[in-house]
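Structure at a glance
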Amino acid sequence: QVQLVESGGGLVQPGGSLRLSCVASGSIGGIYGMGWYRQAPGKQRELVAGISYSGSTDYADSVKGRFTISRDNAKKTVYLQMNSLRPEDTAVYYCNADIRPLWESRRNDYWGQGTQVTVSS
């Protein structure tokens, strides 16, 4: 069984910072692309940032210059450092990873349970 578990969400004032973490666990043969998505009430889920195994990154235009995605392959963990937070960043943030389970020859797409980020004064 492969799982992704997020942590680090919470309530923060505009202009503040939060750091999200997502740890992959279980019988894992390999972890490839990892990323963070978010979904605000009444809106579709959208990609926030993605990172390849080698460290190449991609960001939504709305978060460029404010958010930084990184990963620690040895710890099977992906991070999202969020600075200069705005009320419009309020959403449930989901971790996503492309993982090959140990007992399979192909990759599957896995999601975490989500963590709430609320930016409000």
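Keep in mind that what you see is a predicted model, and the values were worked out from it rather than measured.

All right, on to the pattern of salt bridges then. Taken as a whole, this structure holds 5 salt bridges when the rule is applied. In this structure, Asp89 and Arg38 form a salt bridge, with 3.0 Å as the shortest nitrogen-oxygen distance. Of this pair, Asp89 sits in the loop between strand 8 (77-82) and strand 9 (91-101) while Arg38 sits in strand 4 (residues 28-39); the two residues are 51 residues apart in sequence, bridging distant segments of the chain. Accessibility classification places Asp89 together with Arg38 in one group, the buried group. The partner of Lys64 in a salt bridge is Asp61, with the nearest N and O atoms 3.1 Å apart. What emerges from the salt-bridge pattern is a single network uniting Arg38, Glu46, Arg66 and Asp89.

So, on to the pairing of strand 11 (residues 115-119). The alternating pattern of strand 11 places Thr115, Val117 and Val119 on a buried face, while none of Gln116 and Thr118, on the opposite face, is buried. Bridging between strand 2 (residues 10-12) and strand 11 involves 3 bridges; their strand directions are parallel. From the neighbouring strand, Gly10 faces strand 11, where its bridge partner is Val117.

Okay, the pairing of strand 5 (residues 46-51) next. Sheet analysis places strand 4 next to strand 5, joined by 5 bridges and oriented antiparallel. When the bridges of strand 5 are listed, Arg38 appears paired with Glu46. Between strand 4 and strand 5, which follow one another and run antiparallel, lie 6 residues, and Gly42 among them has a positive phi close to 80°. Judged from the 3 bridges that link them, strand 5 and strand 6 (residues 57-59) form a sheet pairing that is antiparallel. For Ala49, the partnering residue across the bridge sits in strand 6 and is Tyr59. Hairpin connection between strand 5 and strand 6: a loop of 5 residues separates the two successive antiparallel strands, and Gly55 in this loop has a positive phi of roughly 105°.

Our next topic: the environment of Trp36. Residue placement: Trp36 occurs in strand 4. Once the C-alpha coordinates of Trp36 and Leu47 are considered, the two residues, 11 residues apart in sequence, prove to be 6.3 Å apart.

Let's shift gears to unusual backbone geometry. Here Lys76, not a glycine, exhibits a phi torsion of approximately 55°, which is positive. With respect to the helices and strands, the residue Lys76 is situated in the loop between strand 7 (67-72) and strand 8. The class of Lys76 is partly exposed, set by a relative accessible area of 33%. Although it is not a glycine, Ser84 sits at a positive phi angle of roughly 50°.

Before going further, it helps to spend a moment on the sheet that holds strand 1 (residues 3-7). Taken together, 4 strands build an open sheet; the order of strands is 1-3-8-7 and the sheet is antiparallel. Among the strands making up the open sheet, the edge pair consists of strand 1 and strand 7. Neighbouring strand axes in the sheet, compared pairwise and without regard to direction, differ in orientation by 15° on average. With 6 bridges joining them, strand 7 and strand 8 adopt antiparallel strand pairing. Residue Phe67 lies in a different strand from strand 8, and its bridge partner there is Met82.

The rules behind these values
Residues numbered from 1 in each chain as written. Predicted model: local features only at pLDDT ≥ 70, side-chain atom pairs only at ≥ 80, totals over all residues. Heavy atoms only, no water. Salt bridge = Lys/Arg side-chain N within 4 Å of Asp/Glu carboxyl O. Helix = DSSP H or I, 4+ residues; strand = E, 2+ residues; numbered from the N terminus. Buried < 20%, exposed > 50% of the residue type's maximum accessible area, 1.4 Å probe, protein only. Pairing = 2+ DSSP bridges. Axes fitted to C-alpha atoms, helices over the stretch in contact; angles between N-to-C directions.

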